[in-house]
Amino acid sequence: MADACDLPFADGSFDHSLSLLALQLAHDSDLAVREMRRVTCPGGTVSAATWDTRGDFVALRMFFDTAAVPPRAERAGARGPIPGD
């Protein structure tokens, strides 16, 4: 495993470089892209894919909304209040 902002490869080592679901997690995504370009040979392909984190991807929004629910509220759910609350 390597830091996306400091790839341990020589310049032009690869014909293609690809980031899947990780570029937005880099501490400096611009630097990570520059590193991808650096290790890709001239004329090669640099590409990336990531989740739609701006809210339009409903399944992802549901995941984060659910993760944000306090544990006691989640247990209550459709069953009603938790006894003793």
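Residues numbered from 1 in each chain as written. Predicted model: local features only at pLDDT ≥ 70, side-chain atom pairs only at ≥ 80, totals over all residues. Heavy atoms only, no water.

Participant: Would you take a moment to explain the pattern of salt bridges for this structure?
Facilitator: Side-chain pairing between opposite charges can occur once the charged atoms of the two side chains come close. In total, this model carries two salt bridges according to the counting rule given. Ionic pairing is found between Asp11 and Arg38, a salt bridge with its closest N-O pair at 2.8 Å. Separated by 27 residues along the polypeptide, Asp11 in the segment before β1 (14-20) and Arg38 in helix α1 (residues 29-39) bring together distant segments of the chain. With relative accessibility at 58%, the residue Asp11 sits in the exposed group. The exposure class of Arg38 is partly exposed, given its relative accessible area of 25%. (Salt bridge = Lys/Arg side-chain N within 4 Å of Asp/Glu carboxyl O. Helix = DSSP H or I, 4+ residues; strand = E, 2+ residues; numbered from the N terminus. Buried < 20%, exposed > 50% of the residue type's maximum accessible area, 1.4 Å probe, protein only.)

Participant: I tried to follow the environment of Ser17 on my own but got confused; where do I start?
Facilitator: Looking at the secondary structure, you find Ser17 in strand β1. Put simply, Ser17 and Thr45 are 28 residues apart on the chain and 6.4 Å apart in space, counted from C-alpha to C-alpha. Leaving out residues up to four positions away in the same chain, Ser17 has contacts with Met36, Thr40, Thr45, Val46 and Ser47. Engagement of the side chain of Ser17 in a polar contact is seen with the side chain of Thr40, the distance being 2.5 Å. (Contact = heavy atoms within 4.5 Å. Polar contact = N/O pair within 3.5 Å; in protein donor to acceptor, adjacent residues only side chain to side chain.)

Participant: Explain the packing of aromatic side chains to me, please; I cannot follow it from the model alone.
Facilitator: Aromatic ring pairs are described here by two measures, namely the spacing of the ring centres and the angle between the planes. Evaluated as defined, the whole model comprises one aromatic pair. Both rings, one in Phe9 and one in Phe14, keep their centres 4.9 Å apart while their planes meet at 85°; by these two values the pair is edge-to-face. (Phe/Tyr/Trp six-rings, centres within 6.5 Å; stacked < 30°, edge-to-face > 60°.)

Participant: Explain the layout of surface pockets here, please?
Facilitator: The gaps of empty space that remain are located by a probe, the size of a water molecule, rolled over the atoms. Its volume calculated, the largest pocket comes out at about 240 Å³. Taken together, the elements giving at least two residues each to the lining of the largest pocket come down to β1 and α1. Here the lining of the largest pocket takes five residues from β1, the largest share from any one element. Among the residues forming the lining of the largest pocket, the class breakdown is 11 nonpolar, three polar and no charged. (1 Å grid on protein atoms, 1.4 Å probe; cavity = no way out; pocket = protein on both sides within 12 Å on 5 of 7 lines; lining within 4 Å. Points joined across faces, edges and corners; volume = space filled by probe spheres on them. Nonpolar A, V, L, I, M, F, W, Y, C, P; charged D, E, K, R; others polar.)

Participant: How should I be thinking about the side chain of Thr40 in this particular structure?
Facilitator: On the secondary structure map, Thr40 appears in strand β2 (residues 40-49). In this structure the side chain of Thr40 is engaged in a polar contact, spanning 2.6 Å, whose partner is the backbone oxygen of Met36. Thr40 has contacts with Gly12, Phe14, Asp15, His16, Ser17, Thr45 and Val46, leaving out every residue within four places of it along the chain.

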